[in-house]
Amino acid sequence: MQKQEKRLLSINLFNFIIANKVSNNTKFIKGSVPLRESTSDGYDLYSFKFHQGLIVFLLMLLWGLAIGCFLGESHCRIGIEVITVSAVTFVVITYAIACIIYSICQNDDLINSTPKTKLNGCCQLFLFIASPSWFFAHLFKSKLMKINSDDVGKTKRCGKTQFIAYLNRANLIASFVLAIVAVMIYRTGSVFWFGFIISFVVLRTLSRSFEITIAFGKDTLEKNKSSKLKSHERLLLAFTSLFESVLNYSVVYWLLNADDGMKHHIWRGFVSSFQSGLFYSNSYLDQCSCLSSPSALAMLQLTQVITCMTLVFVAFAIYISNSTSG
């Protein structure tokens, strides 16, 4: 027994000496090996911009298919004129909210600058169609530039940080107000206003869902954050967006089934939205007559699942790990 212990001790001592000798003979020169390779024109060989662009393209395709299914199934009952008026009203209200918050976030330490974007006109047009709320938020955030990032960042939050926080709060309040208005219009029995509100709710829900998915997905991948939000604040924004998404889709599911003549309480829409967003099952979808082809209800659930997966599995995980890394 003693011989075996001595043999193990000698082996461990030998391994320690070898490891120590190798570590002493190995020299790591700072900057001798580049962490990332690049070509002569500055292109990063490890860039994932292609993957990001592909993901955005696929998301735009799915959201476009969802809007197309809704328009194809609803234009006969609602009327293309009502849908057009609802879409224009949604764009105007979205722009007005973003403009008001932008004016609030301006102060003496900020200047108005021309929005800097690498997107061409065609991409901006497609993104505007996919999500007007994302387009206007991106437009006004890019206009909030600091004069001196070092001095201003130490004393107060930048205008972009305030804009993000206020806009998130305003969208949550708007979702509550829209839910109350939808219930009141449904009880009036007006065909025109019911078609108007259902189009408005569906377009706004898809727009906000696309905006949340792109914004939080991009924010989790950015190494240098453009805003001064802390990890726990980003986590709070993600939780608020998750609740807003559940609330928006609750009204959508309830109105779509009410449009088909199925009278259900709005509480069932909330339960179905909660199930769809967190457990990926929907009692409304189970009653859908055709699932072999894309339908508005099925595509809406798909967009909600993608949004909630981005918040829960990507944003929450990264924000929690950053806030507890210390």
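Refer to the preceding data block for the structure.
Below is a summary of the structure that appears in this document. (Residues numbered from 1 in each chain as written. Predicted model: local features only at pLDDT ≥ 70, side-chain atom pairs only at ≥ 80, totals over all residues. Heavy atoms only, no water.)

## Quick look at the nonpolar core
Phase 1 of the analysis: Phe 163, Val 201, Leu 206, Phe 210, Leu 255, Leu 256 and Leu 300 are the most contacted members of the largest nonpolar core, which has 52 residues in total.
Phase 2 of the analysis: Put simply, the parts of the chain that give this core at least two residues each are helix H2 (49-78), helix H3 (80-105), helix H4 (121-130), helix H5 (132-143), helix H7 (159-188), helix H8 (191-221), helix H9 (231-259) and helix H12 (296-323).
Phase 3 of the analysis: Among the elements that make up this core, the one with the highest residue count is H8 (11 residues).
Phase 4 of the analysis: Ignoring sequence-local partners within four residues, the contact set of Leu 206 consists of Trp 63, Ala 66, Ile 67, Tyr 249, Leu 300 and Thr 303.
Phase 5 of the analysis: If you look at the next biggest cluster of nonpolar residues, it comprises 10 residues, including Ile 212, Leu 229, Leu 311 and Phe 316. (Core = buried A, V, L, I, M, F, W, Y, C linked by side-chain atoms within 4.5 Å. Buried < 20%, exposed > 50% of the residue type's maximum accessible area, 1.4 Å probe, protein only. Helix = DSSP H or I, 4+ residues; strand = E, 2+ residues; numbered from the N terminus. Contact = heavy atoms within 4.5 Å.)

## What about a nonpolar patch on the surface?
Phase 1 of the analysis: On the surface, Phe 50, Leu 54, Phe 57, Leu 58 and Leu 61 cluster together into a nonpolar patch covering about 540 Å² of accessible area.
Phase 2 of the analysis: Within the secondary structure layout, Leu 61 lies in helix H2.
Phase 3 of the analysis: Leu 61 sits in the exposed class, given a relative accessible area of 52%. (Patch = residues over 30% accessible without salt bridge, like charges linked within 9 Å, V, L, I, M, F, W, Y side chains within 5 Å. Areas by Shrake-Rupley, 256 points an atom, 1.4 Å probe, with all protein chains shown as cover. Salt bridge = Lys/Arg side-chain N within 4 Å of Asp/Glu carboxyl O.)

## Structural notes on the environment of Ser 272
Phase 1 of the analysis: Among the structural elements, Ser 272 can be located in helix H10 (residues 266-279).
Phase 2 of the analysis: The spatial distance from the C-alpha of Ser 272 to the C-alpha of Tyr 249 is 8.8 Å, given a sequence separation of 23 residues.

## Remarks on the packing of H5 against H8
Phase 1 of the analysis: Remark: H5 packs on H8, axes separated minimally by 7 Å, with the N-to-C direction vectors making an angle of 50 degrees. The angle between the axes of H5 and H8 places the two elements in the oblique class. Residue-level inspection shows Pro 132, Ser 133, Trp 134 and Ala 137 of H5 in contact with H8, the latter providing Ser 207, Arg 208, Glu 211 and Ile 214.
Phase 2 of the analysis: Across the contact of H5 with H8, the residue classes break down as four nonpolar, two polar and two charged. (Axes fitted to C-alpha atoms, helices over the stretch in contact; angles between N-to-C directions. Parallel < 35°, antiparallel > 145°, perpendicular 65-115°, else oblique. Nonpolar A, V, L, I, M, F, W, Y, C, P; charged D, E, K, R; others polar.)

## Description of H9
Phase 1 of the analysis: Under the 1.5 Å per step criterion, the end-to-end length of H9 is 42 Å for 29 residues, consistent within 8% with the ideal 42 Å.
Phase 2 of the analysis: For H9, the tally of buried residues reaches 23 of 29 residues, placing the bulk of the element in the interior. (Expected span 1.5 Å × (residues − 1).)

## Some thoughts on the pattern of salt bridges
Phase 1 of the analysis: Across all of its chains, the model carries three salt bridges by this definition.
Phase 2 of the analysis: Between Arg 204 and Glu 244 there is a salt bridge, with the nearest N and O atoms lying 3.7 Å from each other. Linking Arg 204 in helix H8 with Glu 244 in helix H9, this pair joins segments that are 40 residues apart in sequence.
Phase 3 of the analysis: The salt bridge involving Arg 208 is made with Glu 244; its shortest N-O contact spans 2.8 Å. With Arg 208 in helix H8 and Glu 244 in helix H9, this pair connects stretches of sequence that are 36 residues apart. An identical accessibility class is assigned to Arg 208 and Glu 244; each is buried.
Phase 4 of the analysis: Salt bridges here are not isolated pairs; linked through shared partners, they connect Arg 204, Arg 208, Glu 211 and Glu 244.

## Topic: the packing of aromatic side chains
Phase 1 of the analysis: All told, the structure shown has 16 aromatic pairs when counted by the stated rule.
Phase 2 of the analysis: Note on Trp 63 and Phe 210: the rings are 5.6 Å apart at their centroids and 75 degrees apart in plane angle, and the pair reads as edge-to-face. With Trp 63 in helix H2 and Phe 210 in helix H8, this residue pair connects regions lying 147 residues apart in the sequence.
Phase 3 of the analysis: Under the relative-accessibility criterion, Trp 63 is labelled buried at 0%.
Phase 4 of the analysis: On the basis of relative accessibility, which here comes to 0%, the residue Phe 210 falls in the buried class.
Phase 5 of the analysis: Ring centres of Tyr 249 and Tyr 253 lie 5.9 Å apart, and the angle between their planes is 40 degrees; this geometry places the pair in the tilted category. Residue Tyr 249 and its partner Tyr 253 are located together in helix H9, separated by four residues, close to a single helical turn. (Phe/Tyr/Trp six-rings, centres within 6.5 Å; stacked < 30°, edge-to-face > 60°.)

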